[in-house]
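Summary of the model geometry
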Amino acid sequence: MSKGFYKVPSAINEPVKSYAPGTQERELTLNSFKEQYSQLVDIPLFIGGEEIRTGNTKDLFPPFDHKHKLGVYHQADKALVEKAIATALEAKTKWAAMPWEHRAAIFLKAAELLAGPYRAKINAATMIAQAKTLHQAEIDAACEFIDFLRFNVEYMSQIYSEQPLSVDGVWNRLEHRPLEGFVYAITPFNFTAISGNLPSSVAMMGNVVVWKPSATQIYSARVIVEVFKLAGLPDGVINVVYGDSAMITDTLLASPDFAGIHFTGSTGVFNSMWTKIGQNINNYKTYPRIVGETGGKDYVLAHPSSCPKEVAVALTRGAFEYQGQKCSAASRAYIPASLWPQVKDFMAADLATIKMGTPEDPSNFVSSVISESSFDKLAKAIEAAKAATDAEVVLGGKYDKSVGYFVEPTVILTSNPKYDTMETELFGPVLTIYVYEDAKWTETLKLVDETSAYALTGAIFSQCRYAIAEATEALVNSAGNFYINDKPTGAVVGQQPFGGARASGTNDKAGSILNLLRWVSPRTIKETFVPAKDYKYPFLG
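If you're wondering where the values come from, they're calculated on a predicted model, not measured in any experiment.

Under the defined criterion, the tally for this structure stands at one cavity of 30 Å³ or more. By volume, the largest cavity is sized at about 70 Å³. Around the largest cavity, the lining comprises 13 residues; the ones closest to its centre are Gly324, Lys326, Ala329, Ser331 and Phe427. Of the residues belonging to the lining of the largest cavity, the class tally is six nonpolar, four polar and three charged.

Moving on: helix 5 (residues 134-161). End to end, helix 5 covers 39 Å across 28 residues, agreeing with the expected 40 Å (1.5 Å per residue, within 8%). The sharpest bend along helix 5 reaches about 30° and sits at Cys143. Among the 28 residues of helix 5, 24 are classified as buried, and the element is accordingly described as predominantly covered.

Strand order in the open sheet made by the seven strands is 14-17-18-13-12-20-21, with mixed pairing throughout. Both edges of this open sheet fall to strand 14 (391-395) and strand 21 (481-484), since each of them pairs with a single strand only. The average angle at which neighbouring strand axes cross in this sheet is 20°, direction not considered.

At a closest axis distance of 7 Å, the pairing of helix 4 (residues 119-130) and helix 7 (residues 218-231) adopts a crossing angle of 160°. Relative to helix 7, helix 4 is oriented roughly antiparallel. Contacts from Lys121, Ile122, Ala125, Thr126, Ile128, Ala129 and Gln130 in helix 4 reach Tyr219, Ser220, Arg222, Val223, Ile224 and Glu226 in helix 7. Looking at the contact of helix 4 with helix 7 residue by residue, the classes come out as seven nonpolar, three polar and three charged.

Let us look at the domain arrangement of the chain. When the domains of the chain are assigned, the result is domain 1 (29-54 + 69-294 + 505-525) and domain 2 (299-484). Computed from C-alpha coordinates alone, the two centres of domain 1 and domain 2 are separated by 32 Å. Domain 1 puts 20 residues into the contact, and the matching count from domain 2 is 21 residues. Broken down residue by residue, the surface that domain 1 buries against domain 2 is led by Ala131, Gln136 and Phe189, which jointly contribute 27%. Between domain 1 and domain 2 we count one salt bridge in total. Glu360 is the salt-bridge partner of Lys34, the closest N and O atoms lying 3.5 Å from each other.

With that settled, the discussion passes to the pattern of salt bridges. All chains considered together, the criterion is met by 24 salt bridges. We note a salt bridge from Lys355 to Asp361, for which the minimum N-O separation is 3.6 Å. Members of the salt-bridge network, linked through shared partners, are Glu14, Glu112, Arg119, Glu138 and Arg150.

This paragraph deals with the layout of surface pockets. Considering only enclosed or pocket space, the largest pocket measures out at about 940 Å³ in volume. Elements with a minimum of two residues in the lining of the largest pocket: helix 2 (78-97), helix 3 (100-115), helix 5 and strand 6 (170-178). Top element by residues in the lining of the largest pocket is strand 6. It accounts for eight residues. Class assignment of the residues belonging to the lining of the largest pocket gives a composition of 13 nonpolar, eight polar and five charged.

Cut-off values and rules
- Residues numbered from 1 in each chain as written.
- Predicted model: local features only at pLDDT ≥ 70, side-chain atom pairs only at ≥ 80, totals over all residues.
- Heavy atoms only, no water.
- 1 Å grid on protein atoms, 1.4 Å probe; cavity = no way out; pocket = protein on both sides within 12 Å on 5 of 7 lines; lining within 4 Å.
- Points joined across faces, edges and corners; volume = space filled by probe spheres on them.
- Nonpolar A, V, L, I, M, F, W, Y, C, P; charged D, E, K, R; others polar.
- Helix = DSSP H or I, 4+ residues; strand = E, 2+ residues; numbered from the N terminus.
- Expected span 1.5 Å × (residues − 1).
- Bend = angle between axes of the 7 residues up to and from the residue.
- Buried < 20%, exposed > 50% of the residue type's maximum accessible area, 1.4 Å probe, protein only.
- Pairing = 2+ DSSP bridges.
- Axes fitted to C-alpha atoms, helices over the stretch in contact; angles between N-to-C directions.
- Parallel < 35°, antiparallel > 145°, perpendicular 65-115°, else oblique.
- Contact = heavy atoms within 4.5 Å.
- Domains from an automatic or database assignment.
- Buried area = accessible area lost by both parts, 1.4 Å probe.
- Salt bridge = Lys/Arg side-chain N within 4 Å of Asp/Glu carboxyl O.

What follows is the structure, encoded as structure tokens:
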């Protein structure tokens, strides 16, 4: 039982380490990379306190060297998915009743483990599984994940501390109950931090979870499980299953105890889940919470007053860091004709110095894309641009999958603002640019807003404040995260809560109090100290 009004440690953003030559963090992470890379893992399902190995396995390979076997993971059948539901529900009573400060302590301890003894291990695992460079792994698997845990604890305490007004003779209270049932967390390959945050933010509020990581992130997800267990997370609170996605989803969404879904992934998959939830709505004990961050076709728009060098750097970083495999990555750009020659030259100079290869070599700016299917899709788009009459590849355009799934940072120039790669999400290092006439700034604003079904991130560059104000208003619905004179990537927990609308999701802002509010069900309690003993009101006298 709580015996105090507890104040949690103030959340601050975890500093990003430099990993410069000679630093301890660089040595530790590269050593962990070598150690993990030389071992074969055997990753079980985690249901309750059990590690379940079914024998129905799939192999794991790093995308930058697809002939090197990392190990295997075991797949669940329907009975084990149902077991995960039952185990979660069994754990729920005790977990929901645990005082919030003890739940907070578990996840604060997890943050400290990630900041210290597990930093090198989770970064190296992310480099291996997802082909992230040292820097990209650090800002994701370490810093952003730590930030999610610390800031979510602070937001949780703020939610619980907000209370209603009480008047004479009455005490009004507000409590935030966990949802009735279990929550299904589905996480993507591209951010280890998201994979840790989606189940943990739900669990932090007293809920129980069945979590299905992306198949291409299972290798680093095992480290998350290890950290949570060491931090003291009770068995059954977060249960981890892998296997046939359709079977797992159908089984979970068919349960009467399904209470919500926390999702990051493709728009198509999210839409299909929403449809299934609608079809099953009469089976549920409660209306499920549906929270999802999906696709993006994120833009950079430059005004004629922009600095060409600043625009070029934002495009290089925003489009090609982590091989363009960020939901927020710049994938379409609108450059005024007066600036395009300089922007192109600056980008060409930058791309000429970029190295591509294994993430074990810290001098590589980019590595491989995540899978063969992703590689094939990107190669097809590049070849289509080379053959098109209204588009051309002006920078990059090479690709090779003989060793790993490597696609060179590529810039397509199109004369058609509705060209396929201006509208279709590719999720890779391909940027398409449309050059507009300087005098058509206002028309271009409308074009940017109407071209894509998505509305995740967007950036504008301008030295004219009138243009900035005009664009901010005209593009109000085009991006949930809007950047002025900066690239459209790199949202920081506690600073730029992340999420978009339209076809980009429900905009519930991961890394903010808004997201945590989705995982509780409020109950108001009114206590009257001296109840009335006569039904008659004074006006009846």
